[in-house]
Amino acid sequence: MKKVSIIGATGYVGIELMRLLHQHSEVKIKDLISKSSAGQRLTDLYPQFRGSELNNYQLKAMEDFQAEASDLIFTALPHGVSQNIVGELSGKGAKIIDLSGDFRYHDLDIYEKWYGVKHKHPELAAEAAYGLVELNREQIKKADLVANPGCYVTASLLGILPMLSFSKADLSSIIIDAKSGVSGAGRSLKENLLFTETHNSMKAYSPAVHRHSSEIEYIANQFLKGEYDSDLKTFNPADISTGADRAQILFTPHLVPIKRGILATIYLNLKESSSEAEIIELFQQAYNEEEFVQVLADQLPEIKNVAGSNFAQIGFKYDQRTARLIIVSVIDNMLKGAAGQAVQNMNLIFGYPENTGLKATALFP
C-alpha cells in the first residue's frame, strides 16, 4: 500500500481527493494538512467521513508534516502559495502532484504575465510534467512532479486536440465558450458566489483575460511544436512554423447556477471542407484507446451525464454551410477537471491501472 498525503485537505478539491483515495484499493491516506483547520478532527468538519477509515483523522499543520513518510503528496493550494510549499517538499523523496497553476508552464514569462506572481522555483517548473494523461502519458509515468491541468483547460484541450493533431483546424479561428458550476471558484467566501447572487442567473467573466486562456493556448502550441510524445500526434512538428501556424485561442468562461460541471462549446473553422463521417472517424481514432474520453457520434453531451465521474464526453456538429465545426466537451470540474485527474496521474506514476478508484459512473439524476 502506497502512503499518500494531501496538503490543502479541506478545500473542495481536497475533499474530493479524500473521497476518491479512501476508496482506492492500493493506497492509504497518511496525513491531511490544513492551515485553517489544523488540530481539528476531519469528521467534525465533514461528517460524511464518519464510519470510514478517516473517522479518527486529525488535521495537521504544515510544520508538523513529515514529507519523507509519504510516497506521494497532493498539493491542493492556491497559485503562488503552492510553489513555495512544493519548493519545500522537493527532494524529500515523495512524488508530488500539484493542482495549482504554478507548474503548468515551462515558459515562466507567460506564467508571470498571466498570474501576476514571480516564480521562485524555475528549476521545478522546467522539470514538471503536464498532467493531462491523454496528451502526456509517458512523461507522467516518469515524473517526480506533475502539474495537474486546469479544469476549463482539460475540457477545452480534449475537444480541440484531435483537430490539431490531424491538421484540420484553422489555428486563428478557435473560440471557446465555456460554462462552469460555482464549485470551480473554490470554497472561500465571495459575495458574487452567494446563492442569492448566482441563483436564476448566468454571467460571463474575465473574457479574453482568464488565466486558463493562456494555459489552453500555451499547451496547444507546445503540442504543435512536438513537446509531448503523445499517441495523438499525427503530424511532423518540423512542418509547423511558429508564425502563421501558431494557435490563437479566444476563451470566455461563464458562471452558471449549478454546483459542479463544465460544458465547453468550441467553434473553429476547418482548413478545407469535410463531413461528419470524417470528423467522427478522426475523434474516434484519437480517443478509441482512452477509457475516460467518450466520443458521442449521435448526440451532444450534457453535464448531468458526467457529474460525479472522471469521464469526459465529446460531441460535435459540422456546419457545411459555413465550413465550421462546433465541438461540445463536458467534464466534472471537480473530478476529471481536478481530483479525479490527479488520481489518474497517481495511478500512472505507481504503475496501477489508470481506472483504479475511478470506475464510478455519473451521479444521475
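Residues numbered from 1 in each chain as written. Predicted model: local features only at pLDDT ≥ 70, side-chain atom pairs only at ≥ 80, totals over all residues. Heavy atoms only, no water.

A. The arrangement of the overall build of the chain in detail. Secondary structure assignment for the chain yields 11 helices and 13 strands. The C-alpha atoms of the chain give a radius of gyration of 20 Å, which matches the 21 Å a tight globule of 365 residues would have. Summarising its shape, the C-alpha atoms of the chain cover approximately 60 × 45 × 40 Å along the three principal directions. Going through the 365 residues of the chain one by one, you find that 54% of them count as buried. For the chain, long-range pairs separated by at least 24 residues make up 72% of all intrachain contacts whose partners lie at least 6 apart in sequence. Summing over all exposed atoms, the chain offers an accessible surface of approximately 16000 Å²; the carbon and sulfur share of this is 48%. Averaged over its 36 positive side-chain charges, the chain has a centre that lies 5 Å from the centre of its 43 negative ones. (Helix = DSSP H or I, 4+ residues; strand = E, 2+ residues; numbered from the N terminus. Rg over C-alpha atoms; globule rule 2.2 N^0.38 Å. Buried < 20%, exposed > 50% of the residue type's maximum accessible area, 1.4 Å probe, protein only. Contact = heavy atoms within 4.5 Å. Areas by Shrake-Rupley, 256 points an atom, 1.4 Å probe, with all protein chains shown as cover. Lys, Arg positive; Asp, Glu negative; His and termini not counted. Charge placed at Lys NZ, Arg CZ, Asp CG, Glu CD.)

B. The sheet that holds strand β7 (residues 174-180), seen in detail. Read from one edge of the open sheet, 7 strands run β8-β9-β7-β10-β13-β12-β11, paired in mixed fashion. Looking along the sheet, the strands with just one partner apiece sit at the ends: β8 (203-204) and β11 (293-295). Where β7 and strand β9 (residues 249-255) come together, 7 bridges link them in parallel fashion. Residue pairing in the sheet places Asp177 in a bridge with Thr252 of β9. Seen against the sheet, helix α9 (residues 211-224) touches β7 and β9 and runs at an angle of roughly 140° to β9. (Pairing = 2+ DSSP bridges. Axes fitted to C-alpha atoms, helices over the stretch in contact; angles between N-to-C directions.)

C. How the structure looks around the sheet that holds strand β4 (residues 95-98). The 6 strands lie next to each other as β2-β1-β3-β4-β6-β5, forming an open sheet whose pairing is parallel. Each edge of the open sheet is held by one strand with a lone partner, namely β2 (27-33) and β5 (129-130). With 5 bridges connecting them, strand β1 (residues 2-7) and β2 associate as parallel partners. Residue Lys3 lies in a different strand from β2, and its bridge partner there is Lys28.

D. Structural view of the side chain of Arg137. Tracing the backbone shows Arg137 in helix α6 (residues 133-141). Apart from the residues within four sequence positions on either side, Arg137 is in contact with Glu290, Leu348 and Glu354.

E. Here's a closer look at the nonpolar core. Core analysis: the largest hydrophobic core is formed by 71 residues, its most contacted members being Leu157, Met163, Leu164 and Leu268. The greatest single-element share of this core, amounting to 10 residues, is contributed by helix α7 (residues 151-165). (Core = buried A, V, L, I, M, F, W, Y, C linked by side-chain atoms within 4.5 Å.)

F. Fine view of the packing of α7 against helix α10 (residues 276-287). The N-to-C vectors of α7 and α10 enclose an angle of 110°; their axes lie 9 Å apart at closest approach. By the angle between their axes, α7 is roughly perpendicular relative to α10. In the crossing of α7 with α10, the sense of the turn from one axis to the other is right-handed. Touching Leu157, Leu158, Gly159, Leu161, Pro162 and Met163 of α7 are Ile279, Leu282, Phe283, Ala286 and Tyr287, all from α10. (Parallel < 35°, antiparallel > 145°, perpendicular 65-115°, else oblique. Left-handed = near helix turned anticlockwise from the far one by under 90°.)

G. Region of the structure containing unusual backbone geometry. Here the phi dihedral of Ser206 falls at roughly 50°; this positive angle occurs in a residue that is not glycine. If you trace the backbone, Ser206 turns up in the loop between β8 and α9. On the basis of relative accessibility, which here comes to 33%, the residue Ser206 falls in the partly exposed class. A positive phi is found at Ala208, a non-glycine position, where the angle reads about 70°. Among the structural elements, Ala208 can be located in the loop between β8 and α9.

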